Amino acid sequence: MTTRRDFLTTSALAAGAVALGVPRELRAERALDAMDGTVRRPPTMDAAVRELLLHALDEATRGGASWADVRIQRVQRQSIATRERQVLGVSDDDTIGCGVRVLVDGCWGFSATPRLTKDGIARATRDAIATAKAGRPARDRAVTLAPAPVVADGRWSSGFRIDPFSVSIEEKVALALAANAAALAVPTVRFAGTTLSFVKEERNYANSDGTVTVQEVVRSWTPMTITAVSADRTDFAVRDAMVQPTGRGWEAVLETKLVENAKPWGEQAAEKLTAKPVEPGRYDLLLHPSNLGLTIHESVAHPTEVDRAFGYEANYAGTSFVAPPEKVLGSLRFGSELMTIVGDRSQPGGCATIGWDDDGVAPDEFTIVDKGTFVDYQTTREQASWLGDWYAKRGRPVRSHGCSYADSWSSVAFQRMPNVSLRPGTKDLSWNDMIAATDRGIAILGRGSYSIDQQRYNAQFGGAIAYEIRNGKITGQLRDVAYVIRTPDFWRSLDMIGGARSYELFATFADGKGQPGQVNAVSHGCPPARFRQATIINTGRKA
């Protein structure tokens, strides 16, 4: 943990670093030249941890569980917040414990403990069994699990080269403050803030089927916010949402080139300050992956979570218009022929990418929307059987898509979103090609404010920056732009998408769901896409 003395020392060192410029050791070539080009080797499970996992499973069997799994998980989190020439805060969190889940008479039970001893884990297992038995009178259907291959010694590590927790706080702070200083060099920029956030998880897992896995997961994010202020201080404009979270390490931070890019980003904030307000109406709408990813997340990924479709998830962010399953699978026209949506947990750099989920399943890649038609939901081992009739009709086995996840050892695993992505088109179209093909439109980059209803059917989305397109050319920035959608109508208006080379990953570090609430990180890959005659509103107008 960082002490007050460490914090004050770090602040002084960082201030000196800004005065001297970017330290040479921050340059990307320092780290990249030292690497042999390989990613980190998968971890090996500690023998004592394995013994505790198997002890919990034995205790569950003795207590009458028909199935059980156990996770011993360590989660490290670090956040460094800066603004202008100050360090606002440094936080380090490190937690470790054990969660035990059991099935008794078709009912789930769960308990968790930070006491990593045989007695502590045995007590948690007995508590989980007692919880399952107590829930039996309220059971509406017995839980049945889809089969999954047994993995006796699974090892996996996310695709990172430099562990961000091996990099000193001094180096991280110096980078953040140097980026702030570069942005503040733009005359009208008055505020600049950079935050560096990192997560590292060690996930040890075993279930009564015989699966035993150990995984190491790293995620990184370096959001930056730049604010330009008018000379008379009556107006301001913000540029943010430039950097996406990633399932990679410190090397991804270096590749972002925060210091080099901070000034151009600041200039975009300054341009936005003097941009003209948008005129409401209908425009062809061109969305960059940094904006479209959020629209995919809210209007496609959330409503295709199967627990929302069945009504089991409702209080936190609603149910789904993609329901009931027996009426929409294979028949709902979700979008145009250009719309193919896939789920996976395998994309390199994806925030939901993993080797095995928290049911012990190796996730597959599956199609959710096939050329505009809805064909599948996101599922866990428990949920896959709910769609058994649909899979039988299509000649497919009943199997989980590997969407089980718990955000901590103290949290129960349930269905969470995988990486949900829009396939690129077959034509090699770039962002600039699509601008050139648009006569009268608006292009939007970066996420902005948004709202969506409880069934994910009606929504509006803003953006970080918006540009006017006239006769195939960008004519300047626009202010106060938001687009209003009715989900299926919006996706049916999709008439152009970029090719594979234009594909990028959007991501969020903290997608919320459940009660008690949990968060997961998830990515959404997509190319740029154009939507015909979208409804544009001006969010700055007053009634």
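Heads up: the structure comes first, above all this text.
Residues numbered from 1 in each chain as written. Predicted model: local features only at pLDDT ≥ 70, side-chain atom pairs only at ≥ 80, totals over all residues. Heavy atoms only, no water.

1. Notes on the overall build of the protein chain
Here comes step 1: A count of helical and extended segments in the protein chain gives 14 helices and 24 strands.
Here comes step 2: Taken over the C-alpha atoms alone, the protein chain extends approximately 75 × 60 × 45 Å along its principal axes.
Here comes step 3: Accessible surface computed for the protein chain: about 22,700 Å², of which carbon and sulfur atoms make up 50%. (Helix = DSSP H or I, 4+ residues; strand = E, 2+ residues; numbered from the N terminus. Areas by Shrake-Rupley, 256 points an atom, 1.4 Å probe, with all protein chains shown as cover.)

2. A word on the packing of aromatic side chains
Here comes step 1: Taken as a whole, this structure holds 14 aromatic pairs when the rule is applied.
Here comes step 2: Between tyrosine 450 and phenylalanine 461, the ring centres sit 6.0 Å apart and the planes meet at 15 degrees, which makes this aromatic pair stacked. With tyrosine 450 in strand S17 (residues 440-452) and phenylalanine 461 in strand S18 (residues 458-470), the pair connects residues that are 11 residues apart, well separated along the chain.
Here comes step 3: Arranged with centres 5.8 Å apart and planes meeting at 85 degrees, the rings of phenylalanine 490 and tryptophan 491 form a pair that is edge-to-face.
Here comes step 4: Overall, the relative accessible area of 6% leaves phenylalanine 490 in the buried class.
Here comes step 5: Through a chain of ring-to-ring contacts, three or more aromatic side chains come together here, namely Tyr450, Phe461, Tyr483, Phe490, Trp491 and Phe531. (Phe/Tyr/Trp six-rings, centres within 6.5 Å; stacked < 30°, edge-to-face > 60°. Buried < 20%, exposed > 50% of the residue type's maximum accessible area, 1.4 Å probe, protein only.)

3. Things to note about helix H5 (residues 169-184)
Here comes step 1: Spanning 16 residues, H5 covers 22 Å between terminal C-alpha atoms, matching the ideal 22 Å at 1.5 Å per step.
Here comes step 2: Taken across its 16 residues, H5 has 14 buried, putting it largely inside the fold. (Expected span 1.5 Å × (residues − 1).)

4. Some thoughts on the pairing of strand S16 (residues 419-422)
Here comes step 1: What you see with S16 is no split at all: Asn419 and Ser421 on one side and Val420 and Leu422 on the other are buried throughout.
Here comes step 2: Pairing of strand S11 (residues 341-344) with S16, which is carried by 4 bridges, proceeds in the antiparallel orientation. Across the sheet, aspartate 344 pairs through a bridge with asparagine 419, a residue of S16. (Pairing = 2+ DSSP bridges.)

5. Focus: the environment of alanine 482
Here comes step 1: Structurally, the position occupied by alanine 482 is in strand S20 (residues 481-486).
Here comes step 2: Counting along the chain gives 118 residues from alanine 482 to aspartate 364, while the straight-line C-alpha distance between them is 35 Å.
Here comes step 3: Excluding its chain neighbours within four sequence positions, the residues that come into contact with alanine 482 are Phe461, Gly462, Thr535, Ile536, Ile537 and Thr539. (Contact = heavy atoms within 4.5 Å.)

6. Describing the nonpolar core
Here comes step 1: Ranked by size, the top nonpolar core spans 55 residues in total, and within it Phe334, Phe374, Ile442 and Trp491 carry the most contacts.
Here comes step 2: A per-element tally of this core places helix H8 (residues 289-301) first, with 5 residues.
Here comes step 3: Other than its neighbours up to four places away in sequence, phenylalanine 374 contacts Thr304, Val322, Val328, Leu329, Gly330, Ser331, Leu332, Phe334, Ile368 and Val369.
Here comes step 4: Of all hydrophobic cores here, the second largest spans 28 residues; its members include Ala179, Val243, Val253 and Leu258. (Core = buried A, V, L, I, M, F, W, Y, C linked by side-chain atoms within 4.5 Å.)

7. A look at the packing of H5 against helix H7 (residues 258-273)
Here comes step 1: The contact between H5 and H7 brings their axes to 7 Å, and the two run at 25 degrees. Taken as axis vectors, H5 and H7 run roughly parallel relative to one another. Both H5 and H7 take part in a crossing whose hand is right-handed. Counted together, Leu175, Ala178, Ala179, Ala182 and Ala183 of H5 and Leu258, Val259, Ala262 and Lys263 of H7 form the full contact between these two elements.
Here comes step 2: Residue composition of the contact of H5 with H7, by class: 8 nonpolar, no polar and 1 charged. (Axes fitted to C-alpha atoms, helices over the stretch in contact; angles between N-to-C directions. Parallel < 35°, antiparallel > 145°, perpendicular 65-115°, else oblique. Left-handed = near helix turned anticlockwise from the far one by under 90°. Nonpolar A, V, L, I, M, F, W, Y, C, P; charged D, E, K, R; others polar.)

8. Things to note about the pattern of salt bridges
Here comes step 1: Taken as a whole and assessed by the stated rule, the structure comprises 35 salt bridges.
Here comes step 2: In this structure, arginine 219 and glutamate 201 form a salt bridge, with 3.0 Å as the shortest nitrogen-oxygen distance. Of this pair, arginine 219 sits in strand S6 (residues 212-221) while glutamate 201 sits in strand S5 (residues 189-207); the two residues are 18 residues apart in sequence, bridging distant segments of the chain.
Here comes step 3: Residue arginine 219 is classed as buried on the basis of its relative accessible area, which comes to 6%.
Here comes step 4: Under the relative-accessibility criterion, glutamate 201 is labelled buried at 2%.
Here comes step 5: Shared partners join several salt bridges into a network, and the residues in it are Glu201, Arg203, Arg219 and Asp358. (Salt bridge = Lys/Arg side-chain N within 4 Å of Asp/Glu carboxyl O.)

9. Side note on the side chain of lysine 513
Here comes step 1: As for its position among the elements, lysine 513 is in strand S22 (residues 504-513).
Here comes step 2: In this structure lysine 513 comes out as buried when scored by relative accessible area, which is 0%.
Here comes step 3: Looking at lysine 513, its side chain comes within polar contact range of the side chain of glutamate 305, at 3.3 Å.
Here comes step 4: Within the structure, lysine 513 has its side chain in polar contact with the side chain of aspartate 307 (distance 2.9 Å).
Here comes step 5: For lysine 513, the residues in contact, after removing those within four places along its chain, are Glu305, Asp307, Arg308, Glu313, Tyr316, Phe414, Gln415, Arg416 and Gln518. (Polar contact = N/O pair within 3.5 Å; in protein donor to acceptor, adjacent residues only side chain to side chain.)

10. Observations concerning the sheet that holds strand S13 (residues 373-374)
Here comes step 1: Strand order across the open sheet formed by 4 strands is S13-S12-S11-S16, with antiparallel pairing between neighbours. Strands at the two margins of the open sheet, each flanked by one partner only, are S13 and S16.
Here comes step 2: Here strand S12 (residues 366-370) pairs with S13 via 2 bridges, running antiparallel. What sits directly across from valine 369, in S13, is phenylalanine 374.

11. Notes on the packing of helix H3 (residues 47-62) against helix H4 (residues 118-134)
Here comes step 1: Their axes nearest at 9 Å, the elements H3 and H4 cross at an angle of 35 degrees. Seen along the crossing, H3 lies across H4 with a hand that is right-handed. The segment H3 lies against H4, with Glu51, Leu52, His55, Ala56, Glu59 and Ala60 engaging Lys118, Ile121, Ala122, Thr125, Arg126 and Ile129.
Here comes step 2: Split by residue class, the contact of H3 with H4 holds 6 nonpolar, 2 polar and 4 charged.

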